[in-house]
Amino acid sequence: MASEPDSSTIYLTEKEAERIRSTVLDNTKKRSGLTGHARNPREAKDAIGQATGAALMADMGSMTMGNAQESVPALAVGEPYPPCIISLSELQPMKLCDLRMETHHRGRQLRIKRASPVVTLSTRSWTMVQDDAGETERLEMVLHKIQHGKEVLEASSHFTIKEPYFTLTEEGEPTLRIDHPSDVISHPDADLQPPTQTPTPEQAEKRALAHKQKGNTALTKNNPALAHTHYTTSLAFATHLPTPDLARDLHRNRAHANLLLGQHDAAQRDALAALINPTAEDDVRSRELDAKCYFRAGAAAYALGRFGEAQGFFEKQLALMPGDKVAVANVARCEKREGALTAVTCDVRDERIRVAPVGLRRAVVERLMANPSLIGDVMGSYGDWDGGDGRDVHETGDGPVVDVFRAHDIISRNAFGVGGKDGQGGKGGGAGLWPRAALINHSCIPNSEREFIGDLMVVRATKNIAKGEEIVHRYDESGVYEARQGALMTTWGFECSCALCVVEKGEDPMVQEKRRTLTKEADLFLKSAGSSANKKMATTRARRLVKALDETYDEKKYRGLPRLAKRGVEQWLSSSTRI
Ligand SMILES: C[S@@+](CC[C@H](N)C(=O)[O-])C[C@H]1O[C@@H](n2cnc3c(N)ncnc32)[C@H](O)[C@@H]1O
């Protein structure tokens, strides 16, 4: 399958769709037949050699292809399962030899270390891992494999997997598989471990200062993830010092690293933990430092969309540093945005093939993991998979928890294209999730319209809306009944039964066919009309098309109802004849 450069069009033949569907469904069947079977041990040397070769090939591939993505990856959306919602301390250890095929090892944890390079592909990454008995197994992270802008499997060499899932890859090879990013805990390398025994103040100061210095260097080298790690280790030592000054410096610096990493909750927490709150008016240095903290807390709140709170912090900053207008004006938008990775997905639940904004799913989950205060807002949205027992658990003792299957379903049913009004993504514009606007239902006879100012969605009333009346907008713009219903069913999973759809559904098939043919002609006209040299001729043709389309609508049946098929050409006419 291929995608057109700079286009949201993906060409997928029926044969290709069938191949994807049958691969995914055959694999699902094969896996279910293996449930509970013993695992076949791997030969370590071969396994590590296989991963090393594949990593080399993947690296060479990305070097020669660069970022040009000519083919679209396929992704199976498997049977949903909830993330682990139990803290590590309550899970029983297990070994690789205890693994059973096609099993979620509930109540267990598996400690492993990486034994090969990581093979990084666009929608998943894998590597070979070993436990302390020297057994080797394959480990795969699907889609949500990046944290702090780095591949999780590459960022460390020791991990614990919570409630490991042992299954088959899409190619049928046994693997440990991680879907939910909270199901893997990375352990820092030895020199970044917090102290195991209480250090003397001298030892604590020496280690804390050394890590602070490394953190500062990492920040100047544009590596906030490494800076964050060093500041965190430094803080673990600084808490053993008799005065809080160094710990405050570290919180202030880590707030900066957190902002750069898009971890706004943590940035705000750090910025406020660093406050000195000087009482003396002439303590200029402390006032400057606190102003910096309020600026960072404000920038974090702003990025979280809490504008009132952000304003409060900026006002406090100004009170400490009167006249520093630049600080307010320079509110940094620290949010990292991800490219619009699209994949062809096959969902085993309804066997449908969809083109899904999986880059958006990855960006949303990354943002939620980094800012747990947002999890409730997003996870409260409508989605087919309700998350089972873990639905309302957003955090365990080990950190935030995001159910990626629920996130997937929520995005499938609630995402809209930025810049487009078709809900499928404007041309090259990507897609986004607006939790509040996602509450709005669809109608083909809407009373509002969505528009975009950058990535800000504006829902504008298109007619007077009475108090208590439901606000509705159009998810799909197609003027052809079957095309519109097809998109509503595939993307949003419902059949529209508004007054217009009721009439169109009962329409004479001959009339429907005529309208379809004319709509195709209108679409072709709209594609070429902009470049037409003869405007007069184009206008005449547009008028003729509007008239012909109008004649397919029975005056009585369509009284008070929109005639969607002619909208596009009518809009062209009104804009082309506007002075
Ligand atoms: C963006 S959400 C809309 C808000 C959602 N109804 C809620 O309760 O949060 C989209 C989902 O709402 C439902 N929906 C929206 N418009 C609908 C309509 N006209 N008829 C039936 N279901 C509709 C579908 O389940 C769809 O997948």
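Definitions and limits used
- Residues numbered from 1 in each chain as written.
- Predicted model: local features only at pLDDT ≥ 70, side-chain atom pairs only at ≥ 80, totals over all residues.
- Helix = DSSP H or I, 4+ residues; strand = E, 2+ residues; numbered from the N terminus.
- Buried ≥ 20, exposed ≤ 12 C-beta atoms within 10 Å, placed from the backbone.
- Pairing = 2+ DSSP bridges.
- Axes fitted to C-alpha atoms, helices over the stretch in contact; angles between N-to-C directions.
- Parallel < 35°, antiparallel > 145°, perpendicular 65-115°, else oblique.
- Left-handed = near helix turned anticlockwise from the far one by under 90°.
- Contact = placed C-beta atoms within 7 Å.
- Expected span 1.5 Å × (residues − 1).
- Near = placed C-beta within 6 Å.
- Nonpolar A, V, L, I, M, F, W, Y, C, P; charged D, E, K, R; others polar.
- Core = buried A, V, L, I, M, F, W, Y, C linked by C-beta atoms within 7 Å.
- Domains from an automatic or database assignment.
- pLDDT = per-residue confidence, 0-100.

Within an unreviewed UniProt entry, the label attached to the chain reads SET domain-containing protein, and the organism entered is Chaetomium fimeti.

Colleague: Whenever I open this one, the overall build of the chain confuses me. Can you help?
Modeller: Helix and strand counts for the chain stand at 18 helices and 25 strands. Relative to its 579 residues, the chain shows a buried fraction of 35%.

Colleague: Sorry, what's going on with the sheet that holds strand β17 (residues 353–356) here?
Modeller: Across a sheet, strands are paired by hydrogen bonds formed along the backbone, either parallel or antiparallel in direction. Pairing is mixed across the open sheet formed by three strands, whose spatial order is β3-β16-β17. Either end of the sheet is taken by a strand with one partner, and the two such strands are β3 (74–77) and β17. Direction aside, neighbouring strands of the sheet carry axes that sit 35 degrees apart on average. With four bridges joining them, β3 and strand β16 (residues 343–347) adopt parallel strand pairing.

Colleague: How do you make sense of the packing of helix α6 (residues 245–260) against helix α8 (residues 284–303) when you look at a structure like this?
Modeller: Relative placement of two packed helices is described by the angle separating their axes and the distance separating the axes. Packing of α6 against α8 brings their axes to within 10 Å, and their N-to-C directions diverge by 25 degrees. With respect to α8, the element α6 is oriented roughly parallel. Crossing of α6 over α8 shows left-handed handedness. Between α6 and α8, the residues in contact are Arg252, Ala255, His256 and Leu259 and Leu289, Lys292, Cys293, Arg296, Ala299 and Ala300, respectively.

Colleague: Before we go on, may I ask you to explain α8 in this structure?
Modeller: It helps to recall that an α-helix has 3.6 residues per turn; residues three or four apart then point in one direction. With 20 residues, α8 ought to run about 28 Å at 1.5 Å a step, and its terminal C-alpha atoms sit 29 Å apart, in line with that. Among the residues of α8, Asp290, Cys293, Tyr294, Phe295, Arg296, Ala297, Gly298, Ala299, Ala300, Ala301, Tyr302 and Ala303 are the ones counted as buried.

Colleague: Please explain the site of the ligand as it appears in this structure.
Modeller: Every residue close to the ligand is listed here: Tyr382, Arg413, Asn414, Ala438, Leu439, Asn441, His442, Ser443, Trp492, Gly493, Phe494 and Cys496. Mapped onto the shell around the ligand, the elements with two or more residues apiece are α13 (404–414) and β22 (441–442). The residue inventory of the shell around the ligand, partitioned by class, reads six nonpolar, five polar and one charged.

Colleague: So what exactly am I meant to see when it comes to the nonpolar core here?
Modeller: If you look at soluble globular proteins, the nonpolar side chains tend to sit buried side by side. Core analysis: the biggest nonpolar cluster contains 55 residues, and Ala300, Val364, Leu368, Val378 and Val402 have the highest contact counts within it. Take this core: its biggest share by element is nine residues, from α8. Two domains each provide a minimum of three residues to this core, namely domain 2 (196–329) and domain 3 (357–474). Those residues in contact with Val364 that lie beyond four places of it in its chain are Val378, Ala407, Ile411 and Leu433. Of all hydrophobic cores here, the second largest spans 36 residues; its members include Ala74, Ile112, Val119 and Phe159.

Colleague: What should I look at first to understand the environment of Leu226 in this one?
Modeller: Checked against the element boundaries, Leu226 lands in helix α5 (residues 224–238). Residue Leu226 is classed as buried on the basis of its 20 C-beta neighbours within 10 Å. Along the primary structure Leu226 and His148 are separated by 78 residues, whereas in three dimensions their C-alpha atoms are 9.1 Å apart.

Colleague: Can you help me understand the environment of Tyr302 in this one?
Modeller: With respect to the helices and strands, Tyr302 occurs in helix α8. Taking the number of C-beta atoms within 10 Å as the measure of exposure, Tyr302 has 21 and is therefore buried. Put simply, Tyr302 and Phe313 are eleven residues apart on the chain and 9.8 Å apart in space, counted from C-alpha to C-alpha.

Colleague: I would appreciate a short explanation of the environment of Asn414 in the present structure.
Modeller: Along the chain, Asn414 falls in helix α13. For Asn414 and Ser381, which are 33 residues apart along the polypeptide, the C-alpha to C-alpha distance reads 8.0 Å.

Colleague: Explain the packing of helix α16 (residues 509–529) against helix α17 (residues 535–550) to me, please; I cannot follow it from the model alone.
Modeller: Viewed as axis vectors pointing N to C, α16 and α17 meet at an angle of 160 degrees, and their least axial separation amounts to 10 Å. The orientation of α16 relative to α17 falls into the category roughly antiparallel. As α16 runs across α17, the sense of the crossing is left-handed. Between α16 and α17, the residues in contact are Arg515, Leu518, Glu521, Ala522, Phe525 and Ala529 and Ala538, Arg541, Ala542, Leu545, Ala548 and Leu549, respectively. Residues of the contact of α16 with α17, tallied by class, amount to nine nonpolar, no polar and three charged.

Colleague: Any chance you could explain the pairing of β17 here in plain terms?
Modeller: It is a general feature of regular strands that their side chains alternate between the two faces of the sheet. Here four bridges tie β16 to β17, and the two strands are oriented antiparallel to one another. When the sheet's bridge partners are listed, Val344 is paired in β17 with Val355. Between the end of β16 and the start of β17, which pair antiparallel, lie five residues, with Glu351 showing a positive phi angle near 60 degrees.

Colleague: Looking at this structure, how should I read unusual backbone geometry?
Modeller: Excluding glycine, a negative phi dihedral is what most residues carry, and trans is how most peptide bonds are arranged. A positive phi is found at Glu102, a non-glycine position, where the angle reads about 45 degrees. The residue Glu102 is located in the loop between β4 (92–94) and β5 (103–104) in this model. For Glu102, a count of 17 C-beta atoms within 10 Å gives the class partly exposed.

Colleague: Would you take a moment to explain α13 for this structure?
Modeller: Of all eleven residues in α13, ten are buried, a share of seventy percent or more. What α13 keeps buried is the set Val404, Phe405, Arg406, Ala407, His408, Asp409, Ile410, Ile411, Ser412 and Asn414. Tucked inside the fold, the buried residues of α13 contact β3, β17, α11 (358–370) and α12 (375–379).

Colleague: I tried to follow the confidence of the model for the chain on my own but got confused; where do I start?
Modeller: Averaged over every residue, the pLDDT of the chain is 85; residues scoring 70 or more account for 89%. As a predicted assembly, this complex carries a pTM of 0.66 together with an ipTM value of 0.99.

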